[in-house]
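Structure assessment
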Amino acid sequence: GLGGGPLLGGLLAQYAPAPHVLPFVVEIVLLIPAAVTIAALPAARPTTRRRPRRPEIPTAMRSVFATSGMANFLAFAVIGLFLALIPTYVAALANSTNLLLGGGAAALMLACSAIVQVVSYGKPSRALQRVGLPMLAAGLGLLALAGSVSSLVLLLAATALAGIGQGLVFLGGLTAVNHAAPADRRAEVLSSFYVVVYCGVGLPVIGVGFLATDIGLIAAVRFFAGVVAVLCLIVLFALGRARHRAQANP
């Protein structure tokens with residue numbers, strides 16, 4: 001869904017009539033069968049009184065949550081950057097105003113993320129994060145290099161590599177948190193995890209946008225890529241420490 005939206009929106013806005021209206025009309029139309037499907041589901045019959053619970057993290061799993069949560073905050077910060085700013089970044093490097101090209105770059109990242117999650121399902125959670133974090137850092141390094149040498153090919157390679165890294169980090173982090181959560185507290189724990197994820201998508205990219213107004217888009221993306229890449233390596237080190245502690249205290 002995240003990848004298909006920019007791709008379809010770019011296609012319609014570039015080649016279809018009414019580019020400022022049609023993409024939104026198509027999305028509204030696509031929501032209709034989804035609404036009908038939800039309405040047709042059988043009614044739930046709760047066996048207990050409804051009692052909403054707020055996001056919480058049990059003390060026993062805070063170490064797991066801290067490493068996996070931070071890793072995914074960074075991974076989704078990269079997602080936020082690609083969805084919000086990379087279409088403009090692509091246009092600057094390719095010297096093109098084609099909206100499909102920018103939407104396609106965002107879709108490429110999400111497609112790589114989705115595919116690697118399907119392929120890697122069932123693998124150990126720590127191993128997934130230990131492989132994904134360096135790939136995410138390498139993708140960000142290529143992203144910075146692509147801006148320096150104005151290479152669209154490098155940008156697309158960075159997009160694919162960062163997408164694979166993000167997918168591995170997300171799958172590994174979600175698996176680790178889900179396994180560590182007590183059965184009766186899983187709703188609160190996973191809610192907390194997604195709060196962290198959504199903050200990662202939304203907050204850092206706002207800072208990059210403000211920075212871009214002062215130093216330019218390419219310089220702002222380069223700065224963001226460097227900072228997040230370093231933080232990815234720090235979290236990778238923390239995962240390694242956690243692994244050694246777990247082996248020493250089984």
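Sequence positions are assigned chain by chain, starting from 1 and proceeding in written order. For a predicted model such as this one, the threshold for reporting local features is a pLDDT of at least 70, and the threshold for listing and counting side-chain atom pairs is 80 or more; totals across whole chains, interfaces and linings nevertheless cover every residue. With hydrogens and water excluded, all non-hydrogen atoms of the structure serve as input to the side-chain values.

1. A word on the overall build of the protein chain
Only DSSP runs of H or I covering at least 4 residues are called helices, and only runs of E covering at least 2 are called strands; the numbering of each starts at the N terminus. Per the secondary structure count, the protein chain includes 9 helices and 0 strands. Element order for the protein chain, N to C, with α for helix and β for strand: α-α-α-α-α-α-α-α-α. Our radius of gyration looks at C-alpha atoms and nothing else; its globule reference is 2.2 Å times the residue count to the power 0.38. Relative to the globule expectation of 18 Å for 250 residues, the C-alpha radius of gyration of the protein chain, 20 Å, shows essentially globular dimensions. Principal-axis analysis of the C-alpha atoms places the extent of the protein chain at approximately 55 × 50 × 35 Å. Counting only residues that meet the buried cut, the protein chain has 37% of its 250 residues in that class. For every residue, the accessible area (1.4 Å probe, protein chains only) is compared with the maximum for its type, and the residue is labelled buried under 20%, exposed over 50%, or partly exposed between those bounds.

2. Structural notes on a nonpolar patch on the surface
Patch membership is restricted to residues that have no salt bridge and whose relative accessible area is over 30%. Joining uses 9 Å for like charges and 5 Å for the nonpolar side chains Val, Leu, Ile, Met, Phe, Trp and Tyr. Per-residue and other accessible areas follow the Shrake-Rupley method at a 1.4 Å probe size, with only the shown protein chains counted as cover for residues. Salt bridges, as used here, are contacts in which a Lys or Arg side-chain nitrogen is within 4 Å of a carboxyl oxygen on Asp or Glu. A grouping of V21, V25, V29, I32 and V36 is seen on the molecular surface, where their side chains present a nonpolar patch of about 420 Å² in accessible area. With respect to the secondary-structure elements, V21 resides in the loop between α1 (4-15) and α2 (22-40).

3. Considerations on the confidence of the model for the protein chain
Residue-level confidence of the predictor is what pLDDT reports, using numbers from 0 through 100. When the pLDDT values of the protein chain are averaged, the result is 89; 97% of them are 70 or greater. Here helix α4 (residues 86-94) stands out as the element of the protein chain with the lowest mean pLDDT, 82, in contrast to α2, whose mean of 95 is the highest.

4. Digging into the packing of aromatic side chains
Any two rings among Phe, Tyr and Trp, with Trp reduced to its six-membered ring, count as a pair given centres within 6.5 Å; such a pair is stacked if its planes are under 30 degrees apart, edge-to-face if over 60, and tilted if neither. This structure, assessed with the given rule, holds 4 aromatic pairs. For the pair F193 and Y194, a centre-to-centre distance of 5.8 Å together with 90° between the ring planes defines the contact as edge-to-face. In this structure F193 comes out as buried when scored by relative accessible area, which is 1%.

5. Some thoughts on the nonpolar core
Nonpolar cores were defined as sets of buried Ala, Val, Leu, Ile, Met, Phe, Trp, Tyr and Cys residues, with membership established by side-chain atoms within 4.5 Å. Of all hydrophobic cores here, the largest spans 49 residues; its most connected members are V78, Y89, L140 and L143. Those residues within four positions of L140 in sequence are excluded, and the remaining contacts are V78, F224, A225, V228 and A229. Should any heavy atoms of two residues lie within 4.5 Å, those residues are considered in contact.

6. Some points on the pattern of salt bridges
Inspection of every chain in the model, using the stated rule, returns 3 salt bridges. With a closest N to O distance of 3.5 Å, R185 and E188 form a salt bridge. One network of salt bridges, in which partners are shared, links R54, E56, R185 and E188.

7. What to know about unusual backbone geometry
The backbone of A18 sits at a positive phi, close to 50°, despite the residue not being glycine. Here A18 lies in the loop between α1 and α2. The backbone phi angle of N95 is positive, close to 50°, even though this residue is not glycine. Mapped onto the secondary structure, N95 falls in the loop between α4 and α5 (99-120). Of the residues examined, N95 reaches a relative accessible area of 72% and is grouped as exposed.

8. Things to note about the environment of G69
Of note, G69 is situated in helix α3 (residues 62-84). Among the residues examined, G69 registers a relative accessible area of 3% and is labelled buried. Expressed as a C-alpha distance, the spacing of G69 and F170, which sit 101 residues apart in the sequence, is 9.4 Å.

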